[in-house]
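What follows is the residue order along each chain.
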There are 2 protein chains.
Amino acid sequence: VTVDVEALAVAVKNGDRRSIARAITLVESTRAEDVALAEALLVLLYPHTGRGLRLGVSGVPGAGKSTLIDVLGRHVIAAGHKLGVLAIDPSSQLSGGSVLGDRTRMTELSRAKEAFVRPSPSSGASGGLSLRTREALLVLEAGGHDVVIVETVGTGQAEVAVTELVDVLVVVLLAGAGDDVQGVKRGLLEHADVIAFNKADGANLPLVDAARDELTSLYAWMRRGEGPTVVALSAREDRGVLELWQLIEKRFRALSASGELEERRRGQRRAWFLRALQEALAARLASSDSARERLDALREAVEAGEVLPRLAARQLADAVR
Amino acid sequence: VTVDVEALAVAVKNGDRRSIARAITLVESTRAEDVALAEALLVLLYPHTGRGLRLGVSGVPGAGKSTLIDVLGRHVIAAGHKLGVLAIDPSSQLSGGSVLGDRTRMTELSRAKEAFVRPSPSSGASGGLSLRTREALLVLEAGGHDVVIVETVGTGQAEVAVTELVDVLVVVLLAGAGDDVQGVKRGLLEHADVIAFNKADGANLPLVDAARDELTSLYAWMRRGEGPTVVALSAREDRGVLELWQLIEKRFRALSASGELEERRRGQRRAWFLRALQEALAARLASSDSARERLDALREAVEAGEVLPRLAARQLADAVR
């Protein structure tokens, strides 16, 4: 299959849905010939990205993330935005998506022509966000989606990387699930702009109030003043979700106005660059089977304490040609 | 100056103080000829490391870290240990060490022959812990110091790296300083095994109790059960410091017994390896002036959003010869 990258870039920028899907598939591909094409495509699209709001929605399986995104997304569209969603791929082992629920995830959004819902490409080993997720986001932005939601499970180490990707982060917790964070990585909680207690209804409401108080004093203690906003909502009943969207928008505007948004994105780009550099160098190391085997063997020996890390690193670096 | 690396290694292992100092200086050196010698030395010393307790003591300037280490160190020595300390270099800009106080930091310890106090080499740009700190720790361990304390300021991003280095982490906070963590990185608080409120005396005591309650519920909320132990002490009056040492030892024994220590150290070695690999590859990139200039220019352009990170990374990786 030959790909006319320039034509594809134009079609993406025109918002053609099939082209956007195709571009993301290309970006996700690990085939050598696709990698070069993807790079060329992304170079063309890059100037047309970065003007929208990047929203992260994280939380453990069962917290109701997809229902929340489904309902939140309708409010986003109603406000006149074009919405892209990088959703957790329910077929991925690590997603924790329920098998029964898969077919009905974000049903409403999937039908709306102002929205583009795409299972997020998860990286191999780490199971978390990858550079590919970031590049899929760029494709969506170039395609005219001025709000992009990145859904992540908040449990794995790699998931904390969502903070390297989004402008505003909402962590979804389950109302009334008791006095622990239900497995959510603390690093995520720290970076949260909004903590949303979902399924806040009936008997759960007093529990939410208690948790909110606890969280509020927790964050007050941890840093002066500006902790995340804690909200209670019910995605299923569409209660508190519009308010959540208003909160997100307000936060985004404040970040833009203060210059903090650009500052943060500069740091994100630097982190992205360093990760990409690591990946590119690792790819060079791994380009021969013998080098890859050597890397694996050395890492194993280093972990076991048998080889000095500095020595192993120097030897490997010397092997890069 | 020629260095007989094998003789130096033997002298270090015999605990010769001047040789230990010389070895650390060699390890810290960035001169090309020293780098190769340091590697050879560390390869010889590495099998004689790793059997002791690695303790991190972090906290903002003014929390009384050095006084605490001075007093704690005497208890460590009294318990029959040989103690190494990698202290914050008071001459470093980022240390926040008070100019007046410099000469009197850890006076007692500095006089004890069972202790070796050394200003910690801080890395260039980040101002935090570097791979050199880790290697200085190895030299101290090879020199027979079965307890090594690494002192760090708990404020910078790089400081969180102390958790990649130590077995047990004590975060020192100031009693009665109010309901924020006084600038300590939250990542550090998360990894703390013990939170020690220093200068807990007189009017401060009730404040410590309140803060302890708040912290305890904070950690209970954040994870099931096993948050850090919160203690109140006065380093200046040597109150609660022996108890702190007993707590640290107990924690270390529990980590050893459960196998968690080895698990954690495996992860630390892996992280160390990856950092060393990054450094070694960067050194290759930077080995010519033109490559270094190119790296800096590309990073700047990437941060400004002008160049696609993936493109910049691939181009740089291609330039490695």
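Each chain carries its own residue numbering, running from 1 in the direction its sequence is written. Just so you know, chain letters begin at A and ligand numbers begin at 1, following the order they were written in. Only residues with pLDDT of 70 or above have their local features reported here, since the model is predicted, and side-chain atom pairs are shown and tallied only from 80 upward, although totals for entire chains, interfaces and linings are computed over all residues. Hydrogens are left out, water is left out, and the side-chain values use all remaining heavy atoms of the structure.

As for the overall build of chain A
Basically, it comes down to this: Helix and strand labels come from DSSP, where a helix needs a run of H or I of at least four residues and a strand needs a run of E of at least two; each type is numbered from the N terminus. Throughout this description, buried means an accessible area under 20% of the type-specific maximum (1.4 Å probe, protein chains only), exposed means over 50%, and partly exposed covers the range between. Here, two residues are considered to be in contact whenever any of their heavy atoms come within 4.5 Å of each other. The method behind every accessible area is Shrake-Rupley, applied with a 1.4 Å probe, and residues are considered shielded solely by the protein chains displayed.
Scanning chain A for helices and strands turns up twelve helices and seven strands. In chain A, which comprises 321 residues, the proportion classed as buried is 52%. For chain A, the proportion of contacts with a sequence separation of at least 24, taken over those separated by at least 6, is 75%. Summing over all exposed atoms, chain A offers an accessible surface of approximately 14100 Å²; the carbon and sulfur share of this is 52%.

A look at the packing of aromatic side chains
Residue and element names in this part refer to chain A. Quick reminder of the rule: Stacked, edge-to-face and tilted are the three classes for Phe, Tyr and Trp ring pairs, Trp counted by its six-membered ring, which pair at centre distances within 6.5 Å; planes under 30 degrees apart are stacked, over 60 edge-to-face, the rest tilted.
In this structure the tally under the stated criterion is two aromatic pairs over all chains. With a centroid separation of 6.4 Å and an interplanar angle of 75 degrees, the aromatic rings of Tyr46 and Trp272 are classed as edge-to-face. Taken together, the residues Tyr46 in the loop between helix H3 (32-45) and strand E1 (53-59) and Trp272 in helix H10 (residues 260-285) connect sequence positions 226 residues apart. Taking the relative accessible area as the measure of exposure, Tyr46 reaches 10% and is therefore buried.

Considerations on the environment of Thr229 of chain A
Residue and element names in this part refer to chain A. Relative to the assigned elements, Thr229 resides in strand E7 (residues 229-232). Its relative accessible area of 36% is what places Thr229 among the partly exposed residues. When the C-alpha atoms of Thr229 and Arg212 are compared, they prove to be 9.3 Å apart, with 17 residues separating the residues in sequence. Those residues in contact with Thr229 that lie beyond four places of it in its chain are Asp193, Val194, Ile195 and Leu247.

Digging into the side chain of Arg310 of chain B
Mapped onto the secondary structure, Arg310 of chain B falls in helix H12 (residues 309-319). Classification of Arg310 of chain B by relative accessible area gives buried; the value is 10%.

A look at helix H6 (residues 131-142) of chain A
Definition in use: Under the convention used throughout, the expected extent of a helix is 1.5 Å for every residue step, that is, one less than its residue count.
Under the 1.5 Å per step criterion, the end-to-end length of H6 of chain A is 17 Å for twelve residues, consistent within 8% with the ideal 16 Å. In the segment just after H6 of chain A, Gly144 of chain A is the residue with positive phi, at about 95 degrees.

Quick look at the nonpolar core
Stated formally: We define the nonpolar core as a collection of buried residues of types Ala, Val, Leu, Ile, Met, Phe, Trp, Tyr and Cys that are connected through side-chain atoms lying within 4.5 Å of one another.
Judged by nonpolar contacts, the single largest core of 116 residues is most densely connected at Val139 of chain A together with Val139 of chain B. If we ignore the near neighbours within four places in the chain, the residues touching Val139 of chain A are Val12, Ile20, Ala23, Ile24, Val27, Leu42 and Leu45 of chain A.

Structural notes on unusual backbone geometry
When glycine is set aside, most residues are seen to have a negative phi, and most peptide bonds are trans. Residues and elements named next belong to chain B. Phi at Lys199 takes a positive value of approximately 60 degrees, unusual for a residue other than glycine. Its place among the elements puts Lys199 in the loop between strand E6 (194-198) and helix H8 (205-222). Given the relative accessible area of 37%, Lys199 is considered partly exposed. The backbone of Asp238 sits at a positive phi, close to 55 degrees, despite the residue not being glycine. Locating Asp238 in the fold gives a position in the loop between strand E7 (229-232) and helix H9 (241-258).

Thoughts on the pattern of salt bridges
A side chain of one charge can pair with a side chain of the opposite charge if their charged atoms are brought near each other. Threshold: Salt bridges are identified by distance alone: a Lys or Arg side-chain nitrogen within 4 Å of an Asp or Glu carboxyl oxygen.
Evaluation of the coordinates by the stated rule reveals 40 salt bridges over all chains. A salt bridge links Lys113 of chain A to Glu114 of chain A; the nearest nitrogen and oxygen atoms lie 3.6 Å apart. For Lys113 of chain A, a relative accessible area of 65% translates into the label exposed. Classification of Glu114 of chain A by relative accessible area gives partly exposed; the value is 30%. Across the pair Arg264 of chain A and Glu260 of chain A runs a salt bridge, and its minimum N-O distance is 3.3 Å. Of this pair, Arg264 of chain A and Glu260 of chain A both sit in helix H10, four residues apart, roughly one helical turn. One salt-bridge network, in which partners are shared between bridges, spans Arg266 and Arg270 of chain A together with Glu300 and Glu303 of chain B.

Thoughts on the side chain of Arg265 of chain A
Its location among the elements puts Arg265 of chain A in helix H10. Classification of Arg265 of chain A as buried rests on a relative accessible area of 5%.

Thoughts on the confidence of the model for chain A
Keep in mind that low pLDDT regions are not for reading the predicted coordinates in detail. Residues and elements named next belong to chain A. Rule in force here: Across the chain, each position has a pLDDT score giving the predictor's confidence in that residue, from 0 to 100.
On average, residues of chain A carry a pLDDT of 81, and 80% of them reach 70 or more. No element of chain A has a lower mean pLDDT than helix H8 (residues 205-222), at 68, and none a higher one than helix H1 (residues 5-13), at 97. Per-residue pLDDT stays below 50 along residues 123-128; that stretch engages in ten contacts with residues further than four places along the chain or on separate chains. Scored as a complex, the prediction yields pTM 0.68 and ipTM 0.72.

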